[in-house]
Amino acid sequence: MRAPASVANIGAGFDVLAMAIEGFFDEAEITISKGEGRINVSSAGFDVPSGRENIAHATAEEFLNRYGIKGVDVNITLHKGIPPSLGLGSSGASCVATVYALSHLFGIKLPLSEFLELAGLCECFTAGSPHYDNVAASALGGVVIVDCANKEAYRIIPPVDIHIALLIPEPIPRCERKTALARSILPKQVDLKTLVYQSSAVAKLVYAFMTGDLEILGKAASTDFVAEPKRSALIPFYWELKGFSLSNGALGFNIAGAGPSVFAICRSPEDSLAVADAMRKFASEKGLKADVVVTKIAREGVSIVK
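No experiment lies behind these values; they were computed from the predicted model shown.

## Some remarks on the overall build of the chain
- On a plain count of helices and strands, the chain comes out with eleven helices and ten strands.
- Whereas a compact globule of 306 residues would reach a radius of gyration of roughly 19 Å, the chain reaches 19 Å, a difference of no more than 12%.
- Dimensions of the chain, computed from C-alpha atoms along their principal axes, come out at roughly 60 × 40 × 40 Å.
- The buried share among the 306 residues of the chain stands at 51%.
- For the chain, the share of sequence-separated contacts (at least 6 apart) that also reach a separation of at least 24 residues comes to 74%.
- For the chain, the accessible surface area stands at approximately 13,200 Å², while carbon and sulfur atoms represent 55% of it.
- Seen as two clouds, the 29 positive and the 32 negative side-chain charges of the chain have centres 2 Å apart.

## A look at the packing of helix α10 (residues 238-246) against helix α11 (residues 269-285)
- Interhelical geometry of α10 versus α11 gives an angle of 145° and a closest axis separation of 9 Å. The interaxial crossing formed by α10 with α11 has right-handed handedness. Residues Glu240, Leu241, Phe244 and Ser245 of α10 lie in contact with α11, whose contacting residues are Ala278, Met279 and Phe282.
- Along the lines of polarity and charge, the residues of the contact of α10 with α11 split into five nonpolar, one polar and one charged.

## Considerations on the pattern of salt bridges
- Summed over all chains, the structure comprises 15 salt bridges.
- Put simply, Lys80 and Asp26 hold a salt bridge, and the shortest N to O gap is 2.5 Å. Taken together, the residues Lys80 in strand β4 (residues 72-80) and Asp26 in strand β2 (residues 13-34) connect sequence positions 54 residues apart. The pair formed by Lys80 and Asp26 is uniform in burial state, with each residue classed as buried.
- Of the charged contacts in the structure, one is a salt bridge between Arg38 and Glu36, with a shortest N-O distance of 3.4 Å.
- Its relative accessible area of 43% is what places Arg38 among the partly exposed residues.

## A short note on the pairing of strand β9 (residues 262-266)
- Where burial is concerned, most of β9 is hidden: five out of the five residues are buried.
- Of the two faces of β9, the one holding Val262, Ala264 and Cys266 and the one holding Phe263 and Ile265 are both buried throughout.
- One ladder, built from five bridges, connects strand β7 (residues 163-169) with β9; its direction is antiparallel. The partner of Ala165 across the bridge, within β9, is Ala264.
- Hairpin remark: strand β8 (residues 252-255) followed by β9, antiparallel, with six residues in the connecting loop; positive phi at Gly257, about 55°.

## Things to note about the packing of helix α2 (residues 90-105) against helix α3 (residues 112-122)
- Interhelical geometry of α2 versus α3 gives an angle of 135° and a closest axis separation of 9 Å. Between α2 and α3, the interaxial angle falls into the category oblique. Like other packed secondary-structure pairs, α2 and α3 cross with a definite hand, here right-handed. Contacts between α2 and α3 involve Cys95, Val96, Val99 and Tyr100 from the former and Phe115, Leu118, Ala119 and Cys122 from the latter.
- When grouped by side-chain class, the residues that make up the contact of α2 with α3 number eight nonpolar, no polar and no charged.

## Thoughts on helix α5 (residues 133-140)
- Among the eight residues of α5, seven are classified as buried, and the element is accordingly described as predominantly covered.
- Where α5 is buried, its residues touch β1 (2-9), β2, α2, α3, β5 (143-147) and β6 (152-156).

## Points about the packing of aromatic side chains
- Per the stated rule, a full pass over the model turns up seven aromatic pairs.
- When the ring of Tyr238 is compared with that of Phe253, the centres are 5.7 Å apart and the planes differ by 50°; the resulting orientation is tilted. Linking Tyr238 in helix α10 with Phe253 in strand β8, this pair joins segments that are 15 residues apart in sequence. Side by side, Tyr238 and Phe253 carry an identical accessibility label, which is buried.
- Consider the rings of Phe244 and Phe282, whose centres lie 5.5 Å apart with planes at 40°: the pair is tilted. Within this pair, whereas Phe244 is found in helix α10, its partner Phe282 is found in helix α11, the two being separated by 38 residues in sequence.
- Phe244 sits in the partly exposed class, given a relative accessible area of 24%.

Parameters at a glance
- Residues numbered from 1 in each chain as written.
- Predicted model: local features only at pLDDT ≥ 70, side-chain atom pairs only at ≥ 80, totals over all residues.
- Heavy atoms only, no water.
- Helix = DSSP H or I, 4+ residues; strand = E, 2+ residues; numbered from the N terminus.
- Rg over C-alpha atoms; globule rule 2.2 N^0.38 Å.
- Buried < 20%, exposed > 50% of the residue type's maximum accessible area, 1.4 Å probe, protein only.
- Contact = heavy atoms within 4.5 Å.
- Areas by Shrake-Rupley, 256 points an atom, 1.4 Å probe, with all protein chains shown as cover.
- Lys, Arg positive; Asp, Glu negative; His and termini not counted.
- Charge placed at Lys NZ, Arg CZ, Asp CG, Glu CD.
- Axes fitted to C-alpha atoms, helices over the stretch in contact; angles between N-to-C directions.
- Left-handed = near helix turned anticlockwise from the far one by under 90°.
- Nonpolar A, V, L, I, M, F, W, Y, C, P; charged D, E, K, R; others polar.
- Salt bridge = Lys/Arg side-chain N within 4 Å of Asp/Glu carboxyl O.
- Pairing = 2+ DSSP bridges.
- Parallel < 35°, antiparallel > 145°, perpendicular 65-115°, else oblique.
- Phe/Tyr/Trp six-rings, centres within 6.5 Å; stacked < 30°, edge-to-face > 60°.

Here it is as structure tokens:
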């Protein structure tokens, strides 16, 4: 099973908006046999641990316990194509691919709400608390709006391609519970004025995705009064990079999920290449080790690899 990477929040949509992106995937290859309930996980690709420390182990354990499955051993090979701890929904994609594969193997047809609830719960392993934006985007593809209270998600397929330039810091030794840290620095309350401004930005994002209005999308994606002001402190030269990217052709710019990757909304494939080159130049001048990637919103979510 293959699940795509994702970018959550997309500016002001903290925990309620996310978009699947092309170019990065996690794949879960799972076999089952009669046994004593052992779960064996091996990981290949980007550097994540095998065994019990892998999120696929926690996901499979939760799945077997939840549905009362006994007398089987589960062998999982997780092919990591999404770099971990960089804000691209790596753990969420692993959870989605694992849940999807197990549900097929055991013939359990999960309603979407139950699928998201299970995959989002397994995100606790890295994030410290359940959240559903990344897993919804990886599961459904496109852009998702998440109903956190009811564990539901609604998919938008934009009428035009949304081109994206990513700046991805060079992988560093695995950061333990990076997402949990990035969530811990966020404000616990916001005032009414901030709520109104934030709600307006989210509404404009949804409108822009539904209509394909790239100008409005860019402005809305650049707007966040809650997470960006706090999380930007964890990303060197963030505000300089944002201003530089916007002045070099980006329509919008913000932090990818919990960071430290950042994304730029672009008008066309040519513009995304130009913005990526500008971000690469900026990073080089600042001595930052980072890759740049051009991509677009993935219209397909988790799928069977044939």
